[in-house]
Each structure stands twice: as structure tokens, then as C-alpha cells.
Amino acid sequence: MKAEDLRQHRQTASRGGPEKYHQKLVDDNKLSVRRRLELLLDPGYVEDGLLANALEEGLSADGVVTVTGTIDGRTVVVMANDPTVKAGSWGSRTVEKILRIQEKAMQLECPIFYLVDSAGARITDQIEMFPGRRGAGRIFYNEVRLSGKVPQICLLFGPSAAGGAYIPAFCDVVVMVDHNAAMYLGSPRMAEMVIGEKVSLEDMGGARMHCSVSGLGDLLATNEEEAIRLGLQYFRYMPNNFRSRSYAVPPRLAPEVAWDRLIPENQNIPFDMHRVILALVDEDSWFPIKPLFAPEIIVGLAHLDGQALGIVANQSKVKGGVLFSDSADKAARFINLCDAFNIPLLFLADVPGFMIGTKVEREGIIRHGAKYIAAVSEATVPKISVVVRKAYGAGLYAMAGPAFGSDVTIALPTAQIAVMGPEAAVNAVYYNKIHELEGDARRAYIQEKEKEYRADIDLLRLASELIVDEVIEPSQLRDELIQRFRLYRDKRREFSDRRHPVTPV
Amino acid sequence: MTSVVASLAGVVFKVLVKPGDTVEIGQEVVRLESMKMEIPMEAEVQGIVQEVIVKEGDFVNDGDPLVILVDA
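Keep in mind that this is a model prediction, so the values were computed, not measured. (Residues numbered from 1 in each chain as written. Chains lettered and ligands numbered in written order. Predicted model: local features only at pLDDT ≥ 70, side-chain atom pairs only at ≥ 80, totals over all residues. Heavy atoms only, no water.)

J.: Tell me about helix 15 (residues 365–378) of chain A, residues and numbers included.
T.: Note that an α-helix has 3.6 residues per turn; residues three or four places apart therefore point the same way. Helix length check: helix 15 of chain A, at 14 residues, gives a terminal C-alpha distance of 20 Å against a target of 20 Å (1.5 Å per residue), a fit within 8%. Within helix 15 of chain A, burial applies to Ile 365, His 368, Gly 369, Lys 371, Tyr 372, Ile 373, Ala 374, Ala 375 and Val 376 of chain A. (Helix = DSSP H or I, 4+ residues; strand = E, 2+ residues; numbered from the N terminus. Expected span 1.5 Å × (residues − 1). Buried < 20%, exposed > 50% of the residue type's maximum accessible area, 1.4 Å probe, protein only.)

J.: Any details on the environment of Ile 53 of chain B? Residues and values, ideally.
T.: Residues and elements named next belong to chain B. By the secondary structure assignment, Ile 53 is in the loop between strand 6 (47–52) and strand 7 (59–60). According to the relative accessible area criterion, Ile 53 is partly exposed, its value standing at 37%. Taking the C-alpha atoms as reference points, Ile 53 and Ser 3, separated by 50 residues in sequence, lie 9.8 Å from one another. In this view, Ile 53 contacts Pro 65, Leu 66 and Ile 68; residues no more than four positions away in its chain are not counted. (Contact = heavy atoms within 4.5 Å.)

J.: Before we move on, can you summarise the sheet that holds strand 7 of chain B with the specific residues and values?
T.: Residues and elements named next belong to chain B. Overall, antiparallel pairing links the four strands, which are arranged 5-4-2-7 in an open sheet. Edge positions in the open sheet fall to strand 5 (37–42) and strand 7, since each of these has one partner strand only. Judged from the six bridges that link them, strand 4 (residues 28–34) and strand 5 form a sheet pairing that is antiparallel. Note that in strand 5 the partner of Glu 33 across the bridge is Glu 38. (Pairing = 2+ DSSP bridges.)

J.: Can you tell me about the environment of Met 37 of chain B, naming the residues and giving the values?
T.: Here Met 37 of chain B lies in strand 5. Note: C-alpha distance between Met 37 of chain B and Ile 48 of chain B (11 residues apart in sequence) is 28 Å. Setting aside chain neighbours within four positions, we find Met 37 of chain B in contact with Gln 267, Asn 268, Ser 316, Gly 320, Pro 352 and Lys 390 of chain A together with Leu 32 of chain B.

J.: How would you summarise the pattern of salt bridges if you had to cite specific residues and measurements?
T.: All names here are of chain A. A complete count under the given rule lists 39 salt bridges over all chains for this structure. A salt bridge links Asp 440 to Arg 443, with the shortest nitrogen-to-oxygen separation between them at 2.7 Å. Here Arg 443 and Asp 440 lie together in helix 19 (residues 439–456), a separation of three residues that amounts to about one turn. When sorted by exposure, Asp 440 lands in the same class as Arg 443, which is exposed. Ionic pairing is found between Arg 484 and Glu 480, a salt bridge with its closest N-O pair at 2.7 Å. A residue pair is termed a helical-turn pair when its members lie 3 or 4 positions apart in one helix, as Arg 484 and Glu 480 do in helix 21 (residues 477–488) at four residues. When its relative accessible area of 17% is taken as the criterion, Arg 484 is described as buried. Accessibility expressed as a relative area gives 16% for Glu 480, which makes it buried. Shared partners join several salt bridges into a network, and the residues in it are Lys 30, Arg 36, Asp 117 and Glu 224. (Salt bridge = Lys/Arg side-chain N within 4 Å of Asp/Glu carboxyl O.)

J.: How would you sum up the sheet that holds strand 1 (residues 2–5) of chain B? Please name residues and give values.
T.: Residues and elements named next belong to chain B. Read across the open sheet, the four strands follow the order 1-8-6-3; overall the sheet is antiparallel. Single-partner strands in this sheet number two, and they are strand 1 and strand 3 (22–23). As defined by bridge partners, strand 6 adjoins strand 8 (residues 65–70) across four bridges and the pair is classed as antiparallel. Among the inter-strand pairings, Val 52 is bridged to a residue of strand 8, identified as Val 67.

Spelled out as C-alpha cells, the structure:
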């Protein structure tokens, strides 16, 4: 090949699709695939398969760019769809390139980013790209094999349709750009044709829907620059792979707070648990995950004295902090993530328990709760349970209570641990007697029984019975946590020698 | 027209608005009692209360409308 021809082919391949589609990117508030990579990576990366499908007109790089580069000097690999080339659709070489970059991640044991913006399979090429051993299915097989070995981060800039929608589903985290990103198995057009449903793309598979209703999206970004920024922020809490630890950052103090006004003593009055989190972790280090989905439970990453930490906390401001099926799924997945990548876990409990009633029983709240409690049990990273206020019923289990292998259970003076709250308990135990009485006699009887019940679950009694290991003032909690996590850092991590559990789902 | 709906099953503990009231985004319009917690139900949009559908002591399920708002 002549030097001039080579230059020509390389230039054509790098440019992507026709000019009109580049113009469309601008109109849609999107960046080009090359610009996305520039914003994500350190300068200077190597690319494989630039000349894929170079003999075919209009199929530059076969619609996907696959590169190996660095972020903050750490090696990563990236696959990035090019929406200007046949709408980022997959042909046989597209699939082969994606498989090879996944295999690179496996060999290098480094994080992989999926920059997704694709219409899905090229149906005209289906025999070559869909069913075979190295067909599209292998991409998902590889993702499952990579899961828990290396961080898999998806930035979703456009559609991720039909089978392609499983790329984000198998990733650890999915950042979606509002109004542009979408995930769906069948498009609105197909839904109308096949099941007769008339629905907009935004309602059926839009970014906001997935980040707040389905839970498939983790973080909602207003534009692509913000999505990349969020992806980078998340990456900085993660280690390179399951064998290593996250990089420490310079420690920062937590902001000063008036602890005495933060946590109301009346167990039934909601308060904002975010304020407790912000008072505990290093300043500006809090990074919530799935903030819009099932907000009655808070999960997220932070730094504590410069070390990465995962937090699971109940938010009484939303639905009273009661746990539902979605809250259980959200917490279970986050706990799995932290345990896979050696990130210690802090639980902040203020939970009335799992929701009851016909509706939640029918949707299987018990199996969702079981999934969550299985995740808590199996997590062998250092885990500390802090009972901030109430921890009732299975809520205590969900928040890594004493029976669940936590390294310590710490209670704040406002803590209350019980099968259920005093009102519910007295009603359950003395139901018949209460209903034999009337008026003042009934009220007096209930009051007396509640008083007895409160004495029975008194915090000093719980400490005396060694149910909690330590009781401290909230103002001392941050220092206590720093010290304990430091001491527990190198604990032995074994749970079982079996192949894997039969996980409730 | 939009309604403020119950975010979980429970009993109406207090109704905090009446027809004709103007409500702001985030304003508590009804307080439910559920799982022994008092749980505020807030307006997600600004508007004027057209109708209060529930009264104190009513059982409501997740998703049931509590208050109907019209544009201010």
C-alpha cells in the first residue's frame, strides 16, 4: 500500500460517517466519538481496528472505536460507538472489535468503559453478527465474566436498543444523558405494532424514567460533558480490579455541624440523613448512586480520612425510611459492588422495617428483602453498623445488625433496637386485653405497657446484654469510624468454600 | 390538573389544605401515618387545591390520589 493511500484510508476511517450526521450530532447536543474519548482519557491512547471494514464505503471503523489508554495514569480500555456510522449499529466487525477490547480488559485486569450510542444490530448482517460463537451474545457473556473482576462503567449518550440494551444492564454503573439516552427492548414503533401500545420514547425508555423508575440508570446527567465528568468521578473511587484497593486521596476534614439539632429523638419524626452523612465523610467527597431511584434508602461512595467507603443509609424523609422491593434491590446491588471491589461498608440505620400490606406482598417483598439480606450477609469487606435511631424487625438485618458478620455494632444515644416499635408491640401482645377496656382505663393500660416495653429495649440494657458493642455521642462518631476502619482494613475475608449461593431474586 | 398521590399505603393522619388554597412545590398537603411513622405527602407542582379527596382516618393505598391541584 502506498503511503498516500494509507493516509487517505486512515483519515476516512477516523472521520466517521458523512457530514450530515456530524451536523445532526451538533443539533442533538451530542459530541463526536473522538471528542468523547478526548474528554475521558489522558492524552495519547492506542487504537485497534481503525481500518475495520475499510473496503466498504460509509462503514468507518465499522461504527465502533476501541482503544487502550490511561486515566490519571491508570490503564483502562474503552469501546465507543460512533453514531455517525449507520447510527452506531453493529455489524460483524463491530462485534468482533467489542469482544477483543473486552478480552483486553480481562488480560490487563483493568477497568472498561462502554460509551454507548447505538441503534442495535444491523439486521442485514444478522447471520454474521448475531447467533454464532463470536456473535453479539458473546459480548454479554464477556460482561458477565468481567463483572466483579474489573469495574465496568457505561456512559449512555444515545439509544441502547433491543439486545444492545443489555450492555448497560451488565455494567456496574450507568450514567445517562437526559433527553438523549434511552434503553428499551422494543421501540415505541414496535410497541404500537406488536402490542398496540402508544407511548413516547421518553416515557418508555428515557433517561429520567430509567434513573427514577426502573432503576436501570444510576446517574442522570444534563449533557455529555457532565456524563463524562460523573463517569470519571465514579472511576476515582474504584480500584483497577478485584485484587487491588481503591487509591487513597489526601484526607479532608468533615464540615463542623451542630449534632444536637441533627437527629430528632422522637422516632416518628423524619429528618434528613444526608446531613448526617455529610457530617461524617471528608468534605466534598460524597457521591450518591441512584439518588432518584428508591430514595427512601441512600447509597453512595465517599472518602473517609482519604479512603474509599460505601455507605448504605435509611432516609426517613422519604416514605418514612420504610424498605420496599426497590429499596432492597438498590441496596443489595450496591453492597455487591462494594464487596467485589474491596470498598468497606458503613450502614447508618434508622429504619421502621420492611413495608407490609397486600400490594407489597403480591410483588414479592419477601424475596426482594431476602436478596438484600443475602448481600449483607455475604459482604466480607470491613463493615460497620451504626444504629442512628430505630432499627426494627428485619430492618436491623438489612442494616447489617449484630447477627450479620459486621465488625462492630455502634449505637448513638438515640438508638432503639426492637422487633417493632412500642406502639405496635403493645398492640400486638395485649390486643385482647386492650379491647376489653374502654376510655381512660384503656389509655392508661396502653401507656403502662408501653413504658414497660421501653424499659425492656432500653439502650443501656442492650449494651449490658452485649447486643451493641459501643455507645457513643454522635460528635465522636467520625473519629471512631476512622480508627475502626483503619484497624479492620486487613481482616481475613472468607465466607464459604461453596461454588456460589442460590441467591434469592 | 394534577393530583398529589400517596407514596405508600397508610392512614390519613392530617389533611393540611382545603379547596382554594395555593400550594407551593414541596409543600406538605397531607400527612399519612404508616408503619408507625408520620410521613409527609408533598405537592410536586405549584397549584390551587381544587378538591381534597380524602379525610382523616381514611385508608389509602400506594398511588391513590389525595388532593387535586389545578394551575395557579
